[in-house]
Amino acid sequence: MTIGTTPPLTLRLTADKPNAIGPDGMAPFTVGEVTILSEDRVLTRTDEQEIAWMFMNLGEWAEQETKAIVTDGRLSAIEFSWLPEERLNEDTERFEIIGTLSRMFSRHYSQQANGEPDSVQIELEHRPNWFAPLISSDYKSDALPLWRFVQQPLAVKTANKS
């Protein structure tokens, strides 16, 4: 199955209170709020957020340069965004392909099994049905719409010979 959604996907970390940026360019802050967005829509449901997080970590889109949100000389938020390398559907469709389920699952397994350099885990964390929202026909969302494409071979009819 190949999956598409609407770019960009954004993870915004908002400061609990905006902090002045020092002469060294540093502005330490405590995260007060975490927001995940698809295009400019805030993802409020847990299933939307989990799917977007999977896409950010396991999908094919490229992480963009981190963006600092500065208001009145104070750092108010940091944004991490993911976009496709190339927009193929920009003129005709809202969505872009983010990857295949098989590759995302493979990346997840590889991350779990090879988390630390020079080590391999034998037992992995089990999360039954963690991919279920991606394949469930029950999942519907205006904030994080999914386009799912299932590739199947063309059925070939064979003649019965008697």
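Residues numbered from 1 in each chain as written. Predicted model: local features only at pLDDT ≥ 70, side-chain atom pairs only at ≥ 80, totals over all residues. Heavy atoms only, no water.

K.L.:
Residue-level account of the side chain of Thr5, with values.
P.N.:
Relative to the helices and strands, Thr5 is located in strand β1 (residues 2–5). Only 2.6 Å separates the side chain of Thr5 from the backbone oxygen of Pro145, close enough to count as a polar contact. Contacts of Thr5, omitting those with residues within four sequence positions, involve Ser38, Phe55, Trp61, Arg94, Phe95, Glu96, Leu144, Pro145, Leu146 and Trp147. (Helix = DSSP H or I, 4+ residues; strand = E, 2+ residues; numbered from the N terminus. Polar contact = N/O pair within 3.5 Å; in protein donor to acceptor, adjacent residues only side chain to side chain. Contact = heavy atoms within 4.5 Å.)

K.L.:
Quick rundown of the pairing of strand β7 (residues 74–83)? Include the residues and the values.
P.N.:
For β7, the buried fraction is high: 7 of the 10 residues fall into the buried class. Pairing between strand β2 (residues 9–20) and β7: 8 bridges, direction antiparallel. The residue of β7 that forms the bridge with Leu9 is Trp82. Note that strand β5 (residues 62–63) and β7 share 2 bridges and pair antiparallel. Across the sheet, residue Ala62 finds its bridge partner in β7, namely Leu83. Bridge count for strand β6 (residues 67–71) against β7 is 5 bridges, and the pairing is antiparallel. Each residue of the ladder has a partner; that of Ala68, found in β7, is Ile78. If you look at the hairpin formed by β6 and β7, you'll find 2 residues sitting between the two strands, and Asp72 has a positive phi there, around 55°. (Buried < 20%, exposed > 50% of the residue type's maximum accessible area, 1.4 Å probe, protein only. Pairing = 2+ DSSP bridges.)

K.L.:
Any chance you could break down the sheet that holds strand β9 (residues 147–149) for me, citing the residues and the numbers?
P.N.:
An order of β8-β1-β9 is seen for the 3 strands of this open sheet, with the pairing classed as antiparallel. Edge strands, defined here as strands with exactly one partner in the open sheet, are β8 (96–100) and β9. Within this sheet the neighbouring strands show an average axis-to-axis angle of 25°, counted without direction. Note: β1 against β8, 4 bridges, orientation antiparallel. Its bridge partner being in β8, Gly4 is matched across the sheet by Ile97. (Axes fitted to C-alpha atoms, helices over the stretch in contact; angles between N-to-C directions.)

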